[in-house]
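Remarks on the overall topology
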Amino acid sequence: MIAKDICERVLREAVSTGADYAELFAEHTVQHSINMLDKKVDSINDAVIAGASVRLYKGLRSVMASTVDTSEQGLLRCARKAADALGEGTAEITITLRERLYGDIHPIRIVPSTAPNSEKLVFLKDAYFAAQEYSDAIRQVTGTFLDVDHQILIATSEGLYAQDRQIRSRISIQAVAEHNGETQTGSCNPGRRMGLEAFTDVISPKDTGIEAARQAVTMSKAGYCPAGVMPVAIGNAFGGVIFHEACGHSLEASSVAYGTSEFAGKLGQQIANPKVTAIDDGTIPNAWGSINIDDEGTPARKNVLIEKGVLKTYMIDKFNGRRMGLPSTGNSRRQSYAYTPTSRMTNTYIAAGTDTEEDIFSSMEFGLYAKAMGGGSVNPATGEFNFAVNEGYLVRNGKVCEPVRGASLVGKGSDVIRNIDMVSSNLSLAQGMCGSSSGSIPTSVGEPLIRVSSITVGGR
Amino acid sequence: MDYNSFKSAVAAAAKAQGIADYELYYESSEDCSISTFRHEINQFSSSLDGGVCFRCIVEGKMGYASTEELSESQAASLVSRAADNARTLESEDKVFLGQGGQTYESHPHTCPEMAPTDLIRKMALKGDELLYAADPMVADGSEAQVVSQKMSVAIMNSNGLDLSYESGAHLFIASSVLSNGTEMATDFSLAAGDLNTMDIGATVTKSVTKAKAKLGADVAPTGAYPVVFAPEAMGSLLSTFSGIFNAERVRRGLSRMGGKEGQVVASPIVTLVDDPFYKDSIMPLPFDAEGTPTYQKNVIENGVLNTLLYDLKAAAAMGKQTTGNAAKRNYSAPVGIMPFTMYLAPGDLTEEELLQKAGNGVYITSLGGLHAGANPISGDFSLQSSGFMIEDGVKTKAVKSFTVAGNFYTLLTQITALSNEVKMPGFPGKTAFASPAVLVEGLTIAGK
């Protein structure tokens with residue numbers, strides 16, 4: 001993308017005022033999405049994102065400048081701006097880059113950015129019409145085929161010169177069902193860090209459409225969820241968003257390093273129920289949140305965050321790692337060159353346990369089964385989180401009964417992970433986009449069916 | 001190459017490829033931001049962003065392509081990608097490009113120049129100092145951030161439209177973390193305008209006061225009570241549900257406002273305004289994303305749905321005139337429909353009188369997880385909340401970690417009073433939301 005000798009000149013300019021670390025990050029991304037609405041291809045987004053950023057550290061200070069001008073002159077100007085912002089010093093380090101090849105543990109067979117619209121439309125239409133034709137109650141379907149070809153280059157004053165190419169594809173279907181004048185929605189959004197082969201090898205477009213429609217129709221007939229404190233069984237796959245929100249964000253160095261996380265200073269302590277082992281693994285081949293190297297050039301890793309309830313590690317990027325005196329865990333990520341990277345999740349999940357699904361339901365006299373979850377959010381400082389239940393059922397006397405809608409779960413992260421007291425074995429991952437200070441990035445969440453012994457359910 | 005050379009290259013490429021109807025939309029921005037941690041500058045960032053979006057009509061369809069790379073080869077590729085995308089479309093909607101030669105309201109606004117880095121640094125450190133001085137419970141993690149930004153938009157099309165607009169602002173954001181040794185509470189406050197005249201002390205005080213009030217909060221008891229939404233909370237709800245007034249979404253069955261123009265959709269005391277020239281806006285835009293002149297309108301007037309928000313395509317499909325609400329989320333996004341500053345018109349009660357009227361209930365100051373706990377299609381919401389109890393007409397103890405649930409369509413009819421002061425707590429940008437405090441009857445609170 002940018003020749004090694006140019007990178008060296010840019011980094012030399014960048015460290016000219018005394019930075020002790022410099023990084024050049026360059027990006028060329030092709031992002032393409034086809035959108036369907038009213039049974040027709042309605043719009044296509046087709047964007048090239050290209051630019052670069054220069055980041056400098058001096059002790060615990062960090063400076064970033066970014067630009068869309070990736071000519072050598074443009075990059076040098078950007079480096080100068082960063083160097084000037086750092087202050088008045090003289091160069092203290094020398095720059096010699098050595099190319100490093102990390103390889104690709106996420107093989108891609110059909111690069112979507114080179115495939116014509118018609119090939120993607122076959123998959124999108126399969127999914128779209130499966131939803132549309134599922135039931136007469138379906139009033140509208142929206143569908144998107146998204147593919148991203150994200151090429152990055154990282155050169156640092158430590159000598160690293162590395163590139164990565166991150167390709168991902170996703171189908172999103174949202175269905176709207178109507179019942180007695182009330183409308184409800186259902187959605188299904190599977191994706192992989194793969195090319196078009198994802199939709200012949202691992203994801204069924206048709207099942208994607210059916211699932212979205214099934215959920216919409218089910219919920220259109222559901223009554224409102226009652227409000228109160230009760231036990232909740234949370235379904236596998238996207239149910240893992242509970243760990244992502246209630247705990248994951250609070251284990252990111254971006255809040256831990258500043259003491260603004262309820263889990264700061266708790267390494268080695270029992271913070272969760274002994275049934276809980278939680279992992280962040282950026283190395284799962286072709287998983288949605290996987291990477292070869294993170295956005296600071298650190299190879300992806302499998303990090304056990306919590307083992308049998310004991311906090312083992314945080315998710316750490318280089319800059320916040322300095323403040324914590326700990327090395328990077330390969331979790332530094334950014335949406336694009338325009339965002340300052342920070343510690344983020346990759347594929348984060350609660351590991352399989354030994355309880356059976358039957359045990360979990362039969363343990364509940366009255367509670368909620370949150371079969372499909374929506375998104376959520378958290379304030380890491382207080383641990384207060386919330387997330388939405390897209391498809392819920394009441395559980396009475398150990399039996400899953402009628403569907404209920406409009407539920408949300410709220411609580412405090414440190415409480416809820418102590419209250420996860422049953423964990424089954426049907427671990428599965430699901431895909432989402434996670435938004436935080438360094439932008440919107442693809443992450444997986446996951447878990448087997450779990451039970452939270454007590455949590456506040458918002459309903460009416 | 002610069003934008004003007006790129007513009008010529010695109011015009012030449014369009015001509016060479018036989019494309020007669022097209023538009024080029026350009027957005028660029030310059031940003032400088034400094035934030036603090038424990039009395040020192042922690043992060044500095046400076047960015048120069050920008051990109052162009054080309055769209056063209058081929059065989060009656062509108063194709064889009066965009067790029068951040070302004071080069072000769074991208075100019076040609078942009079045109080051919082957009083044309084190719086147009087040929088893939090199936091929608092039979094009639095599509096339009098804006099007309100040239102229209103007249104625009106001019107609303108002079110202050111557009112400060114980029115602040116010098118030294119001033120940004122100085123104000124950030126001053127803000128940090130004020131934060132720690134504001135209260136002994138202010139803890140590390142509290143942060144002052146100062147941002148200076150400039151942005152520009154330009155639209156040029158084959159109908160002779162050629163418009164440009166520039167705006168800029170300085171922002172000061174005070175984020176406070178308060179700790180009483182056993183628990184932490186956070187909040188923030190924001191000021192926008194010109195750093196040279198900004199009262200950052202007041203912003204700091206507001207931020208710290210809001211966070212401090214949350215310490216020691218209890219969980220609200222479960223039940224149905226009158227709820228008063230503070231401007232922050234009602235602004236969040238409006239932001240989440242403003243799409244129900246989007247004509248395109250109505251037409252697609254994604255809103256229940258279909259066929260409701262001229263009908264009662266809200267309590268008779270409700271008037272909902274959309275104003276591109278709102279007094280606090282830092283971006284009073286005279287034209288929308290299609291180049292249509294913008295103007296102030298009542299979306300709901302005394303409870304009656306006066307108009308939806310339209311762009312050229314939705315207006316034509318529904319036999320209406322555009323309301324000048326065409327908008328792009330960013331330069332590369334397709335043209336959609338968005339409000340400018342949308343706000344509920346004030347009522348006639350002071351906030352004290354509003355609380356008196358509520359009697360015993362809950363005062364909600366902030367809502368969380370709106371992207372997840374609220375469904376803009378069904379109108380259902382169940383949202384994490386924090387605020388205060390209202391007992392015998394006055395605000396009493398702080399409450400948190402509870403949810404408020406209801407349906408936005410119904411909520412509009414459940415509004416029984418509004419306070420007399422409209423506030424805009426969020427970022428006063430191109431799309432923004434403001435509100436007075438609003439009393440709503442009939443919602444459910446889930447807590448302990």
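In what follows, the structure referred to is the one given above.
Residues numbered from 1 in each chain as written. Chains lettered and ligands numbered in written order. Predicted model: local features only at pLDDT ≥ 70, side-chain atom pairs only at ≥ 80, totals over all residues. Heavy atoms only, no water.

As for the overall build of chain A
What counts is decided by this rule: The helix and strand labels rest on DSSP assignments: H or I over at least four residues marks a helix, E over at least two residues marks a strand, and numbering proceeds from the N terminus. The size measure is the radius of gyration over C-alpha atoms, and the globule rule it meets is 2.2 Å times the number of residues to the 0.38 power. In what follows, a contact means two residues having at least one pair of non-hydrogen atoms within 4.5 Å. Think of it this way: Lys and Arg go in the positive column, Asp and Glu in the negative one, and His and the chain ends go nowhere. Think of each charge as sitting on NZ of Lys, CZ of Arg, CG of Asp or CD of Glu.
Looking only at helices and strands, one finds 10 helices and 24 strands in chain A. Relative to the 2.2 N^0.38 estimate, which gives 23 Å for 460 residues, the radius of gyration of chain A is 23 Å and therefore close to what a compact globule would have. Taken over the C-alpha atoms alone, chain A extends approximately 70 × 55 × 35 Å along its principal axes. Contacts in chain A between residues at least 24 apart in sequence constitute 76% of all its contacts with a sequence separation of at least 6. Each charge class in chain A can be summarised by its mean position, and for the 45 positive and 51 negative side chains these summaries are 2 Å apart.

Quick look at the environment of B:Pro339
Residues and elements named next belong to chain B. With respect to the secondary-structure elements, Pro339 resides in the loop between β13 (336–337) and β14 (341–344). As a C-alpha pair, Pro339 and Ser401 span 62 residues in sequence and 31 Å in three-dimensional space. Setting aside chain neighbours within four positions, we find Pro339 in contact with Ser242, Asp274, Leu309, Asn325, Lys430, Thr431 and Phe433.

Considering the pairing of strand β17 (residues 394–407) of chain B
Residue and element names in this part refer to chain B. The criterion, for reference: When a residue's accessible area, from a 1.4 Å probe over protein chains only, is under 20% of the maximum for its type it is buried; when over 50% it is exposed; and in between it is partly exposed. For two strands to be treated as a pair, DSSP must find no fewer than two bridges joining them.
Burial runs high along β17: 10 of the 14 residues are buried. Sheet topology note: the strand β16 (residues 380–391)/β17 ladder contains 10 bridges and is antiparallel. Within the sheet, the bridge partner assigned to Phe388 lies in β17 and is Ala398. Taking the residues that link successive antiparallel strands as the turn, the β16-β17 hairpin has 2 residues, and the phi of Asp392 there is positive, at about 50°.

Remarks on the side chain of A:Thr260
When you line up the elements, A:Thr260 lands in the loop between α7 (253–256) and β11 (278–281). Its relative accessible area of 12% is what places A:Thr260 among the buried residues.

As for the sheet that holds strand β12 (residues 302–307) of chain A
Residue and element names in this part refer to chain A. Rules: To obtain each axis, a line is fitted to C-alpha atoms, and for helices this fit is confined to the stretch in contact; angles are then taken between N-to-C directions over 0 to 180 degrees.
The mixed open sheet is built from 6 strands, whose spatial order is β13-β12-β11-β16-β23-β22. Each of the sheet's edge strands pairs with one partner strand only, and the pair in question is β13 (310–311) and β22 (428–436). Contacts from helix α6 (residues 241–248) reach β11, β12, β16 (347–350), β22 and β23 (439–447), with the element oriented near 115° to β23.

Points about the environment of B:Asp380
To be explicit about the condition: Throughout this description, a polar contact denotes any pair of N or O atoms lying within 3.5 Å of each other; where both atoms belong to protein, one of them has to be capable of donating a hydrogen while the other can accept it, and for residues adjacent in sequence the pair is counted only when both atoms sit in side chains.
Looking at where B:Asp380 falls in the secondary structure, it is placed in strand β16. On the accessibility criterion, B:Asp380 (6% relative accessible area) is buried. Separated by 31 residues in sequence, B:Asp380 and B:Leu411 have C-alpha atoms that sit 10.0 Å apart. Sequence-distant contacts of B:Asp380, that is, excluding residues within four places in its chain, are made with A:Gln184, A:Tyr224, A:Arg405, A:Arg460, B:Phe241, B:Gly373, B:Ala374, B:Asn375, B:Gly406 and B:Asn407. Polar side-chain contacts of B:Asp380 include one of 2.9 Å to the side chain of A:Gln184. In terms of polar contacts, B:Asp380 uses its side chain to reach the side chain of B:Asn407, at 2.9 Å.

Focus on the packing of aromatic side chains
Given two aromatic rings, their pairing is described by the distance between the two centres and the angle made by the two planes. Rules: Side-chain rings of Phe, Tyr and Trp (the six-membered ring for Trp) are treated as a pair once their centres are within 6.5 Å; stacked means planes under 30 degrees apart, edge-to-face means over 60, and tilted covers the remaining angles.
Taken as a whole, this structure holds 17 aromatic pairs over all chains when the rule is applied. Here A:Phe145 and A:Phe199 contribute two aromatic rings whose centre-to-centre distance is 5.2 Å and whose plane-to-plane angle is 55°, an arrangement assigned as tilted. Highlighted residues: A:Phe145 in strand β5 (residues 138–156) and A:Phe199 in helix α4 (residues 198–201), separated in sequence by 54 residues. Judged by its relative accessible area of 0%, A:Phe145 falls in the buried class. Arranged with centres 4.7 Å apart and planes meeting at 10°, the rings of B:Phe241 and B:Phe408 form a pair that is stacked. Of this pair, B:Phe241 sits in helix α5 (residues 231–241) while B:Phe408 sits in helix α10 (residues 408–414), and the two are 167 residues apart along the sequence. By relative accessible area, B:Phe408 is classed as buried at 2%. Ring pairs connect the aromatic residues A:Tyr21, A:Tyr57 and A:Phe319, which therefore count as one cluster.

Things to note about the nonpolar core
Residues and elements named next belong to chain A. Here is the rule we go by: Throughout, nonpolar core names a set of buried Ala, Val, Leu, Ile, Met, Phe, Trp, Tyr and Cys residues whose side chains join them through atoms within 4.5 Å.
Residues Leu24, Val54 and Leu56 are the most contacted members of the largest nonpolar core, which totals 54 residues. If you tally residues by element for this core, the top one is helix α2 (residues 72–86), at 7 residues. Once you skip the residues sitting within four places of it in the chain, Leu24 turns out to touch Cys7, Val10, Leu11, Ala52, Ser53, Val54, Leu75, Leu153, Ile154 and Ala155.

Section: the sheet that holds strand β19 (residues 432–434) of chain B
Residue and element names in this part refer to chain B. Spatially, the 5 strands line up as an open sheet ordered β11-β10-β9-β14-β19, and their pairing is mixed. The open sheet has two free edges, formed respectively by β11 (304–305) and β19, since each of these has just one partner strand. Note that β14 and β19 share 3 bridges and pair parallel. Bridge pairing in β19 links Tyr343 to Ala434.

Some points on empty space enclosed by the protein
Residue and element names in this part refer to chain B. What counts here: As defined here, a cavity is a set of points on a 1 Å grid over the protein atoms alone where a 1.4 Å probe fits but cannot get out. A pocket is an open set with protein on both sides within 12 Å along at least five of seven lines, and residues line them when an atom is within 4 Å of a point. Grid points are joined across faces, edges and corners, and a volume is the space filled by probe spheres set on the points. Throughout this entry, Asp, Glu, Lys and Arg are counted as charged residues, while Ala, Val, Leu, Ile, Met, Phe, Trp, Tyr, Cys and Pro are counted as nonpolar. The remaining residues, Gly among them, count as polar.
On inspection of all chains with the given rule, the structure shows 1 cavity of 30 Å³ or more. Estimated volume of the largest cavity: approximately 130 Å³. Around the largest cavity sit 16 residues that line it, and Leu285, Asp288, Ala289, Ala326 and Lys430 are the ones nearest its centre. Mapped by element, the contributors of at least two residues to the lining of the largest cavity are β4 (143–157) and β12 (326–327). Looking at the lining of the largest cavity residue by residue, the class counts come to 11 nonpolar, 2 polar and 3 charged.

Treat this as a map of the structure, not an account of what it does.
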